[in-house]
Amino acid sequence: MAQVKRIKLGSQGLEVSAQGLGCMGMSAFYGPPKPEEDMIKLIHHAVDTGITLLDTSGSNGRHTNEIFLGKALKGEIRKKVQLATKFGISFAPDRKRIMRGDPTYIRKACQASLKRLGTDYIDLYFQHRVDTKVPIETTVWPLFPHFSFTFPQKPTARRI
């Protein structure tokens, strides 16, 4: 069997499989949700064949995607993968999607994702949709204490 190529993301040393597995369609958007047991087997097969980047979101299947991904990653398999999930989409009581970028929401969304995924860390955590009512600086600032960054002597970016 051919080996899946590995690549580095960014400058912090995170290495992932060049091919990832997007999990959204397993529980939402492309027809009815798929049987959880089948999707867990699919995830295990992907990891066994060298796919280590798994992508989900708390909004996929209204949280069900993160829940069954957490079940699939129980035990030693979690150490073999890099897990990406997102924040930024919330749901109103009438089931409409709401874009959220306020710090209070981000903290709650992150804690909820950690719980649903059954893990104590997320490898890649990023904004799914931009909340145009909240300045991007306000959105990303609360994330900074949770990450290690190396800044150049002179600023090279005006906005993050």
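Residues numbered from 1 in each chain as written. Predicted model: local features only at pLDDT ≥ 70, side-chain atom pairs only at ≥ 80, totals over all residues. Heavy atoms only, no water.

### What about the pattern of salt bridges?
Then, number 1: Taken as a whole and assessed by the stated rule, the structure comprises nine salt bridges.
Then, number 2: Among the salt bridges present, the one from D55 reaches K86, with a minimum N-O distance of 2.9 Å. Remark: K86 occurs in strand 5 (residues 82-87) and D55 occurs in strand 4 (residues 53-55); sequence separation between them is 31 residues.
Then, number 3: Since its relative accessible area comes to 24%, D55 is described here as partly exposed. (Salt bridge = Lys/Arg side-chain N within 4 Å of Asp/Glu carboxyl O. Helix = DSSP H or I, 4+ residues; strand = E, 2+ residues; numbered from the N terminus. Buried < 20%, exposed > 50% of the residue type's maximum accessible area, 1.4 Å probe, protein only.)

### Here we look at helix 1 (residues 36-48)
Then, number 1: Between its first and last C-alpha, helix 1 extends 18 Å over 13 residues, near the 18 Å set by a 1.5 Å rise per residue.
Then, number 2: Those residues of helix 1 not exposed but buried are M39, I40, I43, A46 and V47. Each buried residue of helix 1 lies within a common arc of 120° when the element is viewed along its axis, so the set occupies one face. More than 90 degrees from the buried face of helix 1, the exposed residues found are E37, K41 and D48.
Then, number 3: Tucked inside the fold, the buried residues of helix 1 contact strand 3 (20-22), strand 4 and helix 2 (64-72).
Then, number 4: Looking one or two places after helix 1, you find G50, whose phi comes out positive at around 105°. (Expected span 1.5 Å × (residues − 1). Arc of directions from axis to C-beta. Contact = heavy atoms within 4.5 Å.)

### With respect to the nonpolar core
Then, number 1: Ranked by internal contacts, the top residues of the largest apolar core, which has 26 residues, are L21, M26, I43, L54, L69 and L73.
Then, number 2: Every element with two or more residues in this core is listed here: helix 1, helix 2, strand 5 and helix 3 (103-117).
Then, number 3: Dropping the residues within four chain positions of it, I43 is found in contact with L21, M26, L54, F68, L69 and A72. (Core = buried A, V, L, I, M, F, W, Y, C linked by side-chain atoms within 4.5 Å.)

### A look at the packing of helix 2 against helix 3
Then, number 1: Contact geometry of helix 2 with helix 3 gives a least axis separation of 7 Å together with a crossing angle of 45°. Judged by the angle between their axes, helix 2 and helix 3 are oblique. Contacts between helix 2 and helix 3 involve E66, I67, L69 and G70 from the first element and S113, R116 and L117 from the second.
Then, number 2: The residue makeup of the contact of helix 2 with helix 3, split by class, is three nonpolar, two polar and two charged. (Axes fitted to C-alpha atoms, helices over the stretch in contact; angles between N-to-C directions. Parallel < 35°, antiparallel > 145°, perpendicular 65-115°, else oblique. Nonpolar A, V, L, I, M, F, W, Y, C, P; charged D, E, K, R; others polar.)

### A short note on the pairing of strand 8 (residues 124-127)
Then, number 1: The two faces of strand 8 differ: Y125 and Q127 on one face are buried, but L124 and F126 on the other face are not.
Then, number 2: Strand direction decides the pairing type here: strand 5 and strand 8, joined by four bridges, are parallel. When the bridges of strand 8 are listed, F87 appears paired with Q127. (Pairing = 2+ DSSP bridges.)

### Brief notes about the packing of aromatic side chains
Then, number 1: All told, the structure shown has one aromatic pair when counted by the stated rule.
Then, number 2: The interplanar angle of 40° and the centroid separation of 5.1 Å between the aromatic rings of F87 and Y125 together place this pair among those described as tilted. Taken as a pair, F87 in strand 5 and Y125 in strand 8 lie far apart in primary sequence, 38 residues in all.
Then, number 3: The positively charged end of R78 is found above the aromatic ring belonging to Y121, 4.0 Å away from the centroid. (Phe/Tyr/Trp six-rings, centres within 6.5 Å; stacked < 30°, edge-to-face > 60°. Lys NZ or Arg CZ within 6 Å of the ring centre and 35° of its normal.)

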